[in-house]
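An overview of the molecular structure
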Amino acid sequence: MYYRCELLVNGMAYDATNELVNWADVEMSFKRGDYDGVVRSFSTKFEFTNGAFSLLLKEYLEQYLNSSATIVFYIRNNSWLLNEKFRCALDFSTFTYSNTTCEINAVDNSLASLIKSKKGTQYEYPVSELKDSTPLYYDRLEMTSHIEWLIPSQSDSSDIVYEFTASNGKDFYMVPLYIKTSEIATKNIIEVYDVEYEKITEKENELSVKNKFPYFFDNISARPLTVSVKCKFDIAHRLFVSELVLHKIDKSGNHTNVYNLSLPDRNPTVHTVDIDKTVTLEPGEKLSLFFHAVKTTTGGNVTVTLSNMTIPMTIEFIARDKPIDVDVIKPVTLLNRLLRSINNDKEGVIGEIAVPDNPNLYIGINNALIVPAESIRGLEKAKVYTSYTKFANWMSAVFGFVPVIGENKVTFVPRDTLFQDREVKDLGDAVTDFSYNVDSSMVYSRVKVGYDKQDYDSVNGRDEFHFTNEYTTGVTLTDNVFEMISPYRADAYGIEFLAAKQGEKTTDSDSDNDVFFAGALLSDSKYKLIRWNVSGVISPSTMFNVMYAPFYMIDANKGFLAAFAQTLNFASSDGNSDVSFNGESVKDDFILGSRLFSVGELSVETGDLETLSDLSGYIRVEKNGHIYKGYVKSASYNYGRPEAVKYILIVKDVN
């Protein structure tokens, strides 16, 4: 095999084969990082003498910092034709020379090198430049609202809450109610009020002032609202025929009895007001609570005592806000914009997400849309903030897709397509320096999977399950923890709480820089949320992003996780652990099944110098009666002299 080194300067080719001093250092290698695609790299420093030295020195002295030269390496094949192995530009900012030799580094401007140097850089992009032409029709998430009223205390007595005097006649006495706590999760649905004690006199046996009756709850929405009403306290009086009434008042002022406690004419007896009703309020209907003095037997005034309020006046309801349109970005669009930034805003680098043709298996990634937080809030000039690292970690954690980096293209593919059960090379037993070891960095006793926990200012947030779940692997050899955490958020409540901020004047929020994503299908000229079967949540019918729960993240990566665990045993969750997906509880143990590879690594050297053309299959090695199958983790080829090729293989299995 014959090697050739060529210098290209000013469009002229110069054979520098015999003038490259450090041929022994000229090496090309294949390396697989983080169990994704294999990347090619090569040595970066070259030392020249004689004519090659003179040529480079002349270029530098004449062109100074505008100097340009390229080095090209060839291998002559069996037909005596030269095949180019790689080429790279030379970096004259590293040029040094002595009397007889010079040294210069290569400019590693490969896409892999560019990504490595800029992958952690966070970029910001206007959503208007990247958004899809079709918006997401966000039809909201049903949430629980809870309001409590207390009857104000007038006495130091622990029993007596409120007392008032009822006079002779057919009068109405409003029960005073003051709001204790209020979490109204859905805007523009209801209004709530304090009610002061007030006497209203009945005239002509009718509620002539019925439209002015004080009320504590009002449905201001355009649709019916079903609420749960609870309250419990004691009431005592004497010498009255009366009643304690919870009324519903419609737009026209008509009253409908919701709850009635009749109080007979007798000596003081304690009666318990125990309201536990489900009430449907039409648009504009209100609730009012009052004591009605029908008549007295002796005339005069009688004291009415309200006491022992064990359950405040409590109203709960589940409702959803008005739908909104939200600008969204396709993942491949964001990927290409990141790659353009990494490539110094130049075109020519392509990003692709290669999804195999299996709609049921890959529904999650096929229908994922990037939803920037500022878009959810409806902010003007909304932006999306992210880096290549965050994008790649999201793809890996949620979908099990990893990058394959070529010369001018980055393709995200399912990890299992890079570790196929197919032989690509058989080294037999013609290997030396055989060594097998366990990669301790791949041995874990615990696994954390999911999303960072968020702190919500709402009790509804307890329902969220897109947080971190922790599992044990059964391995006791180490305390290492494997974390598979998505940097992009899928929490449905996080999206809902941001959507509720639309129209607010504040321009900053703790979540404004976050990137969310959602699963949606195109329907009727808009993207509509995909909803899967789920139980154990407030509103199963409106819950979304179920397909991105930690449970399904494990499923997308189970072949990889099986390298160090057979079963993941549920330990805890930062979120709602009572959820179930199609009957499978989040607390169930997860059986991982077949593994893509093991934690073993095999190091060998071989005289077979042929470069691999397919790196997705395994290399077969036979040694001491055992057959080893392994995927390339690294392979080093020396172009200066026919040295043995050094392989480190990720062992698939040993037979």
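Use the structure listed above.
Let us look at the structure shown here. These numbers were taken from a predicted model, which means no experiment stands behind them. (Residues numbered from 1 in each chain as written. Predicted model: local features only at pLDDT ≥ 70, side-chain atom pairs only at ≥ 80, totals over all residues. Heavy atoms only, no water.)

When strand 1 (residues 2–9) meets strand 2 (residues 12–15), the two strands line up antiparallel, connected through 4 bridges. Residue pairing for strand 2: Leu8 is matched across the bridge by Ala13. From the end of strand 1 to the start of strand 2, which pair antiparallel, there are 2 residues, and Asn10 there has a positive phi angle of about 55°. (Pairing = 2+ DSSP bridges. Helix = DSSP H or I, 4+ residues; strand = E, 2+ residues; numbered from the N terminus.)

In space, the 3 strands of this open sheet follow the order 25-29-28, with mixed pairing throughout. The open sheet is flanked by strand 25 (350–353) and strand 28 (401–405), the only strands paired with a single partner. With direction set aside, neighbouring strand axes in the sheet form an average angle of 20°. When strand 25 meets strand 29 (residues 409–414), the two strands line up parallel, connected through 4 bridges. In the sheet register, Gly351 faces strand 29, and the bridge partner there is Val410. (Axes fitted to C-alpha atoms, helices over the stretch in contact; angles between N-to-C directions.)

With that out of the way, let us pick up the layout of surface pockets. Approximately 960 Å³ is the volume found for the largest pocket. Along the walls of the largest pocket sit 34 residues, with Gly33, Asp34, Asp36, Lys119 and Pro403 positioned nearest its centre. At the level of secondary structure, the elements contributing two or more residues to the lining of the largest pocket comprise strand 3 (27–32), strand 4 (38–42), helix 2 (111–118), helix 7 (388–399), strand 28 and strand 34 (481–486). Its residues assigned to classes, the lining of the largest pocket shows 16 nonpolar, 8 polar and 10 charged. (1 Å grid on protein atoms, 1.4 Å probe; cavity = no way out; pocket = protein on both sides within 12 Å on 5 of 7 lines; lining within 4 Å. Points joined across faces, edges and corners; volume = space filled by probe spheres on them. Nonpolar A, V, L, I, M, F, W, Y, C, P; charged D, E, K, R; others polar.)

The next subject is helix 7. In a regular helix each residue adds 1.5 Å, so 12 residues correspond to 16 Å; helix 7 covers 16 Å between its end C-alpha atoms and thus fits that length. Taking burial as the measure, the 12 residues of helix 7 include 9 buried ones, the bulk of the element. Looking only at helix 7, the buried set comprises Tyr388, Phe391, Ala392, Trp394, Met395, Ser396, Ala397, Val398 and Phe399. Of the residues flanking the end of helix 7, it is Gly400, one or two places downstream, whose phi is positive at about 75°. (Expected span 1.5 Å × (residues − 1). Buried < 20%, exposed > 50% of the residue type's maximum accessible area, 1.4 Å probe, protein only.)

Read across the open sheet, the 5 strands follow the order 24-10-36-35-26; overall the sheet is mixed. Among the strands making up the open sheet, the edge pair consists of strand 24 (324–326) and strand 26 (368–372). Sheet twist, expressed as the average angle between the axes of neighbouring strands with direction ignored, equals 50°. Across 4 bridges, the pairing between strand 35 (residues 515–523) and strand 36 (residues 526–529) is antiparallel. Pairing of Leu522 across the sheet is with Tyr527, part of strand 36.

Turning to a nonpolar patch on the surface, a few remarks are in order. Together, Tyr436, Val438 and Val654 give the surface a local cluster of nonpolar side chains, amounting to about 250 Å² of exposed area. Mapped onto the elements, Tyr436 comes out in strand 31 (residues 431–438). (Patch = residues over 30% accessible without salt bridge, like charges linked within 9 Å, V, L, I, M, F, W, Y side chains within 5 Å. Areas by Shrake-Rupley, 256 points an atom, 1.4 Å probe, with all protein chains shown as cover. Salt bridge = Lys/Arg side-chain N within 4 Å of Asp/Glu carboxyl O.)

Turning our eyes to something else, we now look at the packing of helix 2 against helix 4 (residues 331–342). Two elements in contact, helix 2 and helix 4, have axes separated by 10 Å at closest approach and are oriented at 95°. Classified by the angle between their axes, helix 2 and helix 4 sit roughly perpendicular to one another. Contact with helix 2, carried on its side by Leu114, Ile115 and Lys118, involves Leu339, Ser341 and Ile342 of helix 4 and no other residues of that element. Residue classes in the contact of helix 2 with helix 4 are distributed as 4 nonpolar, 1 polar and 1 charged. (Parallel < 35°, antiparallel > 145°, perpendicular 65-115°, else oblique. Contact = heavy atoms within 4.5 Å.)

One pass over the structure, following the stated rule, counts 1 cavity of 30 Å³ or more. One number sums up the size of the largest cavity: a volume of about 40 Å³. In this structure, the largest cavity is lined by Phe465, Asn469, Ala549, Pro550, Phe551, Ser573, Asn576, Val579, Phe581 and Val586. For the lining of the largest cavity, the class distribution of residues is 7 nonpolar, 3 polar and no charged.

Attention now goes to the side chain of Arg415. Following the sequence through the fold, Arg415 ends up in the loop between strand 29 and strand 30 (423–428). Within the buried set, Arg415 has no salt-bridge partner at all; the shortest N-O distance to an opposite charge, 5.5 Å, is to Asp34. With residues up to four places along the chain from it excluded, the contact list for Arg415 reads Asp34, Tyr35, Ser396, Gly400, Val402, Asn557, Phe560 and Leu596. (Lys, Arg positive; Asp, Glu negative; His and termini not counted.)

Further remarks concern the pattern of salt bridges. Tallied over the entire structure, the rule returns 32 salt bridges. Of the charged contacts in the structure, one is a salt bridge between Asp327 and Lys131, with a shortest N-O distance of 3.8 Å. Residue Asp327 is found in the loop between strand 24 and helix 4, and its partner Lys131 is found in the loop between helix 3 (127–130) and strand 10 (136–138); the two are separated by 196 residues along the sequence. The class for Lys131 is partly exposed, based on a relative accessible area of 40%. We note a salt bridge from Asp345 to Arg340, for which the minimum N-O separation is 3.7 Å. Taking the relative accessible area as the measure of exposure, Asp345 reaches 48% and is therefore partly exposed. On the accessibility criterion, Arg340 (29% relative accessible area) is partly exposed.

Turning our eyes to something else, we now look at unusual backbone geometry. The backbone of Asp34 shows a phi angle near 55°, a positive value even though the residue is not glycine. With respect to the element layout, Asp34 can be found in the loop between strand 3 and strand 4. Residue class for Asp34 comes out exposed when judged on its relative accessible area of 61%. Its identity as a non-glycine residue notwithstanding, Arg140 has a phi of 75°, on the positive side.

Turning to the state of the cysteines, a few remarks are in order. Enumeration over the complete set of coordinates arrives at 0 disulfides. Considering cysteine sulfurs only, Cys5 is the nearest to Cys102, which forms no disulfide, with 11 Å between them. Taking relative accessible area as the criterion, Cys102 reaches 1% and is therefore assigned buried. (Disulfide = S-S within 2.5 Å.)

Next up on the list: helix 4. Given a rise of 1.5 Å per residue, 12 residues ought to cover 16 Å, and the 17 Å separating the end C-alpha atoms of helix 4 matches this to within 8%. If you check which residues of helix 4 are buried, you get Pro331, Leu334, Leu335, Arg337, Leu338, Leu339, Ser341 and Ile342. Looking one or two residues past helix 4, Asn344 carries a phi angle of roughly 60°, positive in sign.

This brings us to the environment of Gly617. Position of Gly617 among the secondary structure elements: in the loop between strand 42 (600–606) and strand 43 (618–623). Each C-alpha atom, one on Gly617 and one on Ile71, is 32 Å from the other, the two residues being 546 residues apart in sequence. The contact partners of Gly617, leaving out residues within four places of it in the chain, are Gln420, Arg422, Val424 and Tyr631.

When we look at a pair of aromatic rings, we describe it by the centre distance and by the angle of the planes. Considering all chains together, one arrives at 52 aromatic pairs under this definition. Seen in terms of ring centroids, Phe172 and Phe290 are 5.4 Å apart; in terms of plane orientation they differ by 85°. Their pairing is edge-to-face. With Phe172 in strand 13 (residues 171–174) and Phe290 in strand 22 (residues 286–296), the pair connects residues that are 118 residues apart, well separated along the chain. An identical accessibility class is assigned to Phe172 and Phe290; each is buried. Ring centres of Phe551 and Phe581 lie 5.4 Å apart, and the angle between their planes is 40°; on these two criteria the pair is classed as tilted. With Phe551 in helix 9 (residues 550–556) and Phe581 in strand 39 (residues 580–581), this residue pair connects regions lying 30 residues apart in the sequence. Phe581 sits in the buried class, given a relative accessible area of 1%. An aromatic cluster is present here, built from Tyr388, Phe391, Trp394, Phe399, Phe412, Tyr451, Tyr488, Phe517 and Tyr548 joined pairwise through their rings. In this structure, Lys286 packs its charged tip against the face of Tyr215, placed 5.2 Å from the ring centre. (Phe/Tyr/Trp six-rings, centres within 6.5 Å; stacked < 30°, edge-to-face > 60°. Lys NZ or Arg CZ within 6 Å of the ring centre and 35° of its normal.)

Note that every value here comes from positions in space, so none of it alone points to a role or purpose.
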